[in-house]
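The lines below spell out each chain.
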Number of protein chains: 2
Amino acid sequence: MAEDSLMDEDRYELDRARVQAVQVAAEAGEAGRLAENLEPMHPADIADLLEQVGPETRQMILKVLGSGFDGEILSELDDSFRMEVIEALDLPVLVEAVRDLESDDIVDILQHLDPPLRGTLLNALEGGRRAAVEQALAYPEFSAGRLMQREMVAGPEHWTVGDAIDHLRARQDLPEDFYHMILVDPRHRPTGYVALGKILGHPREERLSAIAANSFHIIEAKQEEGEVAYAFNQYHLISAPVVDGDGRLVGVITIDDAMGVLDEEAEEDLLRLAGVSDGSSLADRLLTTIRRRFPWLAVNLVTAVLASAVIAVYEDSIARVVALAVLMPIIASMGGNAGTQSLTVAVRAIATKDLTGSNVWRVIRREVLVGAANGLLFAAVMGGVGFLWFGSPVLAAVAAAAMLINLVVAGLAGTVIPIALERIRIDPALASGAFVTTVTDVVGFFAFLGIASAVMM
Amino acid sequence: MAEDSLMDEDRYELDRARVQAVQVAAEAGEAGRLAENLEPMHPADIADLLEQVGPETRQMILKVLGSGFDGEILSELDDSFRMEVIEALDLPVLVEAVRDLESDDIVDILQHLDPPLRGTLLNALEGGRRAAVEQALAYPEFSAGRLMQREMVAGPEHWTVGDAIDHLRARQDLPEDFYHMILVDPRHRPTGYVALGKILGHPREERLSAIAANSFHIIEAKQEEGEVAYAFNQYHLISAPVVDGDGRLVGVITIDDAMGVLDEEAEEDLLRLAGVSDGSSLADRLLTTIRRRFPWLAVNLVTAVLASAVIAVYEDSIARVVALAVLMPIIASMGGNAGTQSLTVAVRAIATKDLTGSNVWRVIRREVLVGAANGLLFAAVMGGVGFLWFGSPVLAAVAAAAMLINLVVAGLAGTVIPIALERIRIDPALASGAFVTTVTDVVGFFAFLGIASAVMM
């Protein structure tokens, strides 16, 4: 029971019972029972399963899936596992799996492969799709051009509902998923789009231009994928046409891809704020993980030494009043936490475009006021704790003053630092934490020990 | 220029120039120019604008929008601002704005209103929609039942493409957005769905059941909205039927709503990890913000005092060797950061269902190994720093040993604590930080000062 309560998995196909059944079958070497368990599973769940089991079970699952290996599993795998799985698959199986995918999924897989393997897989695609994938790969990484699919449905502006239906019924190569017919001018530039529901809801003689959506958004192929995800979320888009530099229609992005990007960007911000490099996941190998955690710890060591240098300045005072050494980490810790609160709110607001040039001063003023208000409250508590603990009203007053100063500085630094980093084009999620906690450590030790030395010695 | 570089806004309608034009017009009291600037803006951008400007400009914008106020603006507003705007609107304008919305958006707005105002707005809806909204409100908050819209398109399983087209053309009340026709059995239970693109791509005599999607997911109305968002993201759903306890079709959820939930949940995790309570945003009033930041700071004060109590145990040692006071914050800080790295990866993995009962032991072992590896590296660096700074090989060795111990403990606590919290049904994002940093502070001080006292005194 306790094992089951880790999360509510029971509504999904990848529940604990399924994973266990797979593991038991794999360990017993029962290929038939393993295949039975895998058969009804969604490719996304098989991908998760491959990530959760140990390496031997993983190899056995791949063997059982054999030539029935679904390319979608590759699309759903984490980068670090995808390479392992690709290496384990027989080349013909890999070629077949990739060939079945939509062009955007093929691009996603090929972009991370070594040139020789990439070439082999490209050569296996039929001409039109190969050209589509090559063109997408020519766009920069993390751009709309890499995210879009080339399979799309477009028609001239003058068409009627009847023309659209006749065209769609006649086409052999309709995309697997599409939600709009894009209207284009004679130079193939999108001028609007019609939701399929509107086409279905109107008589054959209705003109498409009369039932086109009121607002429609065009994405440029060079646009950064984070901006694309923002637009989908902000304007509730379901699909959007992508144009090249000349404004001509080259593809379409659908909301499920945008949702994936939104999810990745949120994960990136979360991990970066915690000092873990991009793309980290449980799927990483041990050495990769160690390497990914190291840099931020190294930065933190430097800033911690810097803060300790401030303490060293006041060694004499500490030797005389050891209570200073006992209380000083409290001041620094409170400042660090208050600063982290402010910077996290600021980083999120910058990411969602809620913190802009228009309200930056109002936000900074507000955070400083919040720091001052909580600073006063915690100064009172800190003074009380200091007095009760060490019986010295002067020490208590010094601790209270240092607490107030540090929380005000925390509010200021926690807002100004991410904003400043954004302005000089450094990701505030990545670097703010190191700067802010350095400021609150240094200011905390300096204010507390400095005032104490001036007043008490 | 520097102002403009805060972010790449130029591709969106709410660019800085637009906000400035609005502010200038509002301050000059030029209603005409203000209206001109607002006219082409998307409701989502007007909502952002209302959040970014000061209170006077906000009131002026609402006055200028007047009876043309679009209900979608309300849907897009942050909760804290929504109440202010609702209070500022004339009742007839509010009624008109709400009446135009889809049922899911009406539910989202009404659920947070006081009963009298809620009743007034409910009474203004026509019978069918009123019943739909009331039924949705009967489901618990944050459930699929609250998220779904009642406007949907369903037909019996035996229909052909022609039947579907005739039905859709004859219907007067087609939903604004729909992407599938849901197939239902005679008891109105969904048995599959057909993408509109498939209906359009097949001849009139084709049976719908023959072109239904291979896999389709049914959502239960009582399901938690976070689970719904997970399913949409995992299975690339565009829309999904919602059923009541008897399995009967009661509504449909579309991906844009699921995307909104996914975005909110990511924000919630991010803010909770930083010790900021739920739903915090720049839009909060000052007092709300102070109150939302206070609890975590209070918890942190308690844990910091606890850690300081460990220091107090070794006061005599510190009085004799002040270098201990200088170096001890470095050990604690490194442990805190390493622990935060581990816990953030664990919290994210739990949220994305990548950390389950199946791989929990492998993950814990891995994090401990990472802690040991980085612990060895930083023990060496710390030993070097300690020796160079204070010239004592014994002090250096003690600092190195404490560093190794604390980073191993950080990896262990950073993984075990969130997993344990999840098992006892406490949100790991909310509480892990306090526990993990308490552990690393206490262990850091205890290891360093304890070993030093044993070896050096």
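This is a predicted model, so every value here is computed, not measured.

Calculation rules
Residues numbered from 1 in each chain as written. Chains lettered and ligands numbered in written order. Predicted model: local features only at pLDDT ≥ 70, side-chain atom pairs only at ≥ 80, totals over all residues. Heavy atoms only, no water. Pairing = 2+ DSSP bridges. Helix = DSSP H or I, 4+ residues; strand = E, 2+ residues; numbered from the N terminus. Axes fitted to C-alpha atoms, helices over the stretch in contact; angles between N-to-C directions. Least-squares fit on C-alpha atoms with pLDDT ≥ 70 in both. Contact = heavy atoms within 4.5 Å. Buried area = accessible area lost by both parts, 1.4 Å probe. Salt bridge = Lys/Arg side-chain N within 4 Å of Asp/Glu carboxyl O. Polar contact = N/O pair within 3.5 Å; in protein donor to acceptor, adjacent residues only side chain to side chain. Buried < 20%, exposed > 50% of the residue type's maximum accessible area, 1.4 Å probe, protein only. Lys, Arg positive; Asp, Glu negative; His and termini not counted.

**Q** Honestly, the sheet that holds strand E3 (residues 190–195) of chain A in this entry has me stumped. Any pointers?
**A** What links the strands of a sheet is backbone hydrogen bonding, and the strands pair in either a parallel or an antiparallel sense. Residues and elements named next belong to chain A. Judged by pairing direction, the sheet is mixed, and its 3 strands sit side by side in the order E1-E2-E3 without closing on themselves. Two strands lie at the open edges of the sheet, namely strand E1 (154–156) and E3, each paired on one side alone. For this sheet the average axis-to-axis angle between neighbouring strands, irrespective of direction, equals 35°. Where strand E2 (residues 180–184) meets E3, 5 bridges bridge the pair, whose relative direction is antiparallel. Across the sheet, the residue bridging to His-180 is Ala-195, located in E3.

**Q** Just checking my understanding: could you explain the relation of the copies chain B and chain A for this structure?
**A** Two copies of a chain can be linked by a rotation about an axis combined with a shift along that same axis. Here chain B sits on chain A after a turn of 180° about the axis and a move of 0.0 Å along it, with an RMSD of 0.1 Å. One copy is carried onto the other by what is essentially a two-fold rotation axis. When C-alpha positions in chain B are compared against the rotation axis, the closest is assigned to Ala-319 of chain B, at 2.5 Å. Interface residue correspondence from chain B to chain A reaches 100%, placing this contact among same-surface, isologous pairings.

**Q** What is the right way to read the sheet that holds strand E3 (residues 190–195) of chain B from this model?
**A** All names here are of chain B. Read from one edge to the other, the open sheet built from 3 strands follows the order E1-E2-E3, with strand pairing classed as mixed. Whereas interior strands pair on both sides, the edge strands pair on one side only; in this sheet they are strand E1 (154–156) and E3. Taken pair by pair, the neighbouring strands of this sheet meet at an average axis angle of 35°, ignoring direction.

**Q** Explain the interface of chain B and chain A to me, please; I cannot follow it from the model alone.
**A** One widely used convention gives an interface's size as the accessible area the parts lose upon coming together. Facing the 140 residues of chain B at the interface are 140 residues of chain A. Across the chain B to chain A interface the summed buried area is about 12900 Å²; carbon plus sulfur atoms make up 61%. For the salt bridge of Arg-348 of chain A with Glu-267 of chain B, the shortest nitrogen-to-oxygen distance reads 2.5 Å. Linking chain B with chain A are 44 residue pairs in polar contact (both at pLDDT 80 or more), by the criterion used here. For the side of chain B that touches chain A, the leading source of residues is helix H18 (residues 323–351) of chain B, giving 18 residues.

**Q** How should I be thinking about the side chain of Asp-104 of chain B in this particular structure?
**A** Residues and elements named next belong to chain B. As for its position among the elements, Asp-104 is in helix H8 (residues 103–110). The charged side chain of Asp-104 is buried without a salt bridge, its nearest counter-charge being Arg-129 at 8.1 Å. Those residues in contact with Asp-104 that lie beyond four places of it in its chain are Arg-146, Leu-147, Met-148, Gln-149 and Asp-257.

**Q** Teacher, can you tell me more about the pattern of salt bridges here?
**A** Working definition: two side chains of opposite charge can pair if their charged atoms are close together. Residue and element names in this part refer to chain A. For the structure on display, the rule yields 40 salt bridges over all chains. Notably, a salt bridge pairs Glu-96 with Arg-99, separated by 2.9 Å at the nearest N-O pair. Placement of the pair is Glu-96 and Arg-99 together in helix H7 (residues 91–99), with a separation of 3 residues, close to one helical turn. Assessed through its relative accessible area of 34%, Arg-99 is described here as partly exposed. Beyond isolated ion pairs, a larger network of salt bridges with shared partners links Asp-79, Arg-82 and Asp-108.

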